[in-house]
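# Topology and contacts: notes
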Amino acid sequence: LHASDCYVLSAGVDNYTNANKLNGCLNDARNTSAAFQAQKGVLFGAVQTQTLLDGQATCANITQRFQDMGRRAKPGDFVVLFLSGHGGRVNNNQTWHFLPVDYDPQNRADTTLSDRNILDASDLLARQGKKVIVIIDACFAGQLAITAREYLARHRTPNGGGIVLMLSSSADQTSAALGQFSAFAKAFADSMHGSGDLNHDGKTTLQEIRQYTHKQTQQLLRQRNMSDKQDSEF
């Protein structure tokens with residue numbers, strides 16, 4: 001049986017021009033690429049990663065590279081989009097968006113990635129039989145899960161295409177950065193490096209990654225004496 005290939009686009013922004021600077025998002029992007037790369041020949045056949053940091057992580061570049069990767073993938077392959085940076089809600093908190101490096105508050109439409117931008121691109125690939133994993137470490141990311149309900153309902157066949165969302169916090173929660181990395185992104189990367197194999201059978205399932213990441217995110221916050229509530233959503 002040929003293992004599916006995996007295509008990963010990983011973007012992180014610390015140094016914004018028009019928003020507060022962040023810490024750890026560049027490392028999040030690097031760590032996530034490395035976590036998938038380590039599964040080459042294990043969970044996946046070939047693994048191709050592209051990591052966009054700061055100046056490379058423009059709105060157009062993220063969109064274009066994700067589409068390009070999706071085109072290269074075959075039905076049954078995995079296409080992963082990872083984003084770490086600022087997230088926000090607009091339209092009376094009905095719409096979530098990610099802020100790329102070129103975010104301009106005067107031109108939100110062309111300089112943010114909205115939940116629908118991300119979901120429409122993912123849906124297109126899922127309809128082609130590809131398995132899309134969207135992983136986001138940004139404030140209020142859980143809003144994406146609310147917007148995604150109609151999309152997720154379309155893809156119910158286990159052997160067809162599908163969309164999996166892994167989100168750092170619920171719709172009304174911020175996401176904690178811990179200096180060198182963000183709590184959720186670090187917990188996720190660790191789960192992929194083996195910590196997520198909770199029953200030690202040599203395989204890491206989505207369910208195990210979900211359980212480990214949720215618990216470990218909170219553990220990392222407690223270790224830093226942070227009382228923020230942060231409930232990751234899958």
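Structure first, text after, so check above.
Here's what I pulled together on the structure shown here. Every chain's residues receive numbers from 1 upward, in the order its sequence appears when written. With the structure being a predicted model, the display of local features is reserved for residues of pLDDT at least 70 and the display and counting of side-chain atom pairs for 80 or more, all residues being used for whole-chain, interface and lining totals. Derived side-chain values reflect all non-hydrogen atoms in the structure, with water molecules and hydrogen atoms excluded from consideration.

On to the overall build of the protein chain, then. Going along the chain from the N terminus, every DSSP run of H or I of four or more residues is numbered as a helix, and every run of E of two or more is numbered as a strand. Assigned secondary structure in the protein chain consists of eight helices and eight strands. Atoms considered for the radius of gyration are the C-alpha atoms alone. The globule rule reads 2.2 Å times the number of residues to the power 0.38. Scaling as 2.2 N^0.38, a compact globule of 234 residues should have a C-alpha radius of gyration of about 17 Å, and the protein chain matches this with 16 Å. Across its three principal axes, the protein chain shows a C-alpha extent of roughly 50 × 40 × 30 Å. Between buried and exposed lies partly exposed: a residue is buried under 20% and exposed over 50% of the maximum accessible area for its type, with that area taken using a 1.4 Å probe on protein chains only. The buried share among the 234 residues of the protein chain stands at 52%.

We now examine the state of the cysteines. Two cysteine sulfur atoms form a disulfide, by the criterion used here, when they sit within 2.5 Å. On inspection of all chains with the given rule, the structure shows zero disulfides. With no disulfide of its own, cysteine 59 lies closest to cysteine 25 among cysteine sulfurs, the gap being 17 Å.

Here is the key point about a regular strand: its side chains alternate between the two faces of the sheet. Strand pairing requires that DSSP identify at least two bridges connecting the strands. Sheet topology note: the strand β4 (residues 87-90)/strand β5 (residues 95-98) ladder contains four bridges and is antiparallel. Across the sheet, residue glycine 88 finds its bridge partner in β5, namely histidine 97. Here β4 folds back onto β5 in antiparallel fashion, the turn holding four residues, of which asparagine 91 has a positive phi close to 55°.

Whenever Lys or Arg places a side-chain nitrogen within 4 Å of a carboxyl oxygen from Asp or Glu, that contact is recorded as a salt bridge. Applying the stated criterion to the full structure yields nine salt bridges. Between arginine 71 and aspartate 68 there is a salt bridge, with the nearest N and O atoms lying 2.7 Å from each other. Taken together, the residues span about one helical turn, with arginine 71 and aspartate 68 both in helix α2 (residues 59-72) at a distance of three residues. Taking relative accessible area as the criterion, arginine 71 reaches 57% and is therefore assigned exposed. Owing to a relative accessible area of 24%, aspartate 68 belongs among the partly exposed residues under this scheme. Where lysine 186 meets aspartate 190, a salt bridge forms, and the shortest distance between an N and an O atom there is 3.1 Å. Of this pair, lysine 186 and aspartate 190 both sit in helix α7 (residues 183-195), four residues apart, roughly one helical turn. Here lysine 186 falls in the partly exposed class, since its relative accessible area comes to 24%. In this structure aspartate 190 comes out as buried when scored by relative accessible area, which is 18%.

Ile62, Leu83 and Ile136 are the most contacted members of the largest nonpolar core, which has 36 residues in total. Going through the elements one at a time, β1 (6-12), α2, β3 (78-84), β5, α4 (115-127), β7 (131-137) and β8 (162-167) are the ones with two or more residues in this core. Any two residues having at least one pair of non-hydrogen atoms within 4.5 Å are treated as being in contact. When residues no more than four places from it in sequence are discounted, the contact partners of isoleucine 136 are Leu83, Trp96, Ile118, Ala141, Leu144, Met166, Leu167, Ser168 and Phe184. What is meant by a nonpolar core is a set of buried Ala, Val, Leu, Ile, Met, Phe, Trp, Tyr and Cys residues, joined one to another through side-chain atoms within 4.5 Å. Val80, Phe82, Met166 and Ala189 belong to the second-largest nonpolar core, a separate cluster that totals 18 residues.

Let's shift gears to the sheet that holds β3. Ordered by their spatial adjacency, five strands build an open sheet running β2-β1-β3-β7-β8, and the pairing between neighbours is parallel. The strands lining the two open edges of the sheet, one partner per strand, are β2 (47-53) and β8. Taken pair by pair, the neighbouring strands of this sheet meet at an average axis angle of 10°, ignoring direction. Here seven bridges tie β1 to β3, and the two strands are oriented parallel to one another. Directly across from cysteine 6, in β3, lies its bridge partner phenylalanine 78. Here the axes come from fitting lines to C-alpha atoms, over the contacting stretch only for helices, and the angles between their N-to-C directions go from 0 to 180 degrees.

This paragraph deals with the pairing of β2. Pairing between β1 and β2: seven bridges, direction parallel. The residue of β2 that forms the bridge with tyrosine 7 is glutamine 48. Taken together, β1, helix α1 (residues 25-37) and β2 constitute a β-α-β crossover, and its handedness is right-handed. Whether a crossover is right-handed comes down to one check: with the strands pointing away from the viewer, does the path from the first strand over the helix to the second run clockwise; if it does, it is right-handed.

On to the environment of glutamine 173. Residue placement: glutamine 173 occurs in the loop between β8 and α7. For glutamine 173 and lysine 229, which are 56 residues apart along the polypeptide, the C-alpha to C-alpha distance reads 7.2 Å. With residues up to four places along the chain from it excluded, the contact list for glutamine 173 reads Cys139, Phe140, Lys229, Gln230 and Asp231.

Our next topic: unusual backbone geometry. Phi is positive for asparagine 92, close to 55°, though the residue is something other than glycine. By the secondary structure assignment, asparagine 92 is in the loop between β4 and β5. Look at asparagine 92 and you get exposed, because its relative accessible area is 75%. Even without a glycine there, the phi angle at histidine 200 is positive, about 55°. Relative to the helices and strands, histidine 200 resides in the loop between α7 and α8 (206-223). What makes histidine 200 exposed here is its relative accessible area of 70%.

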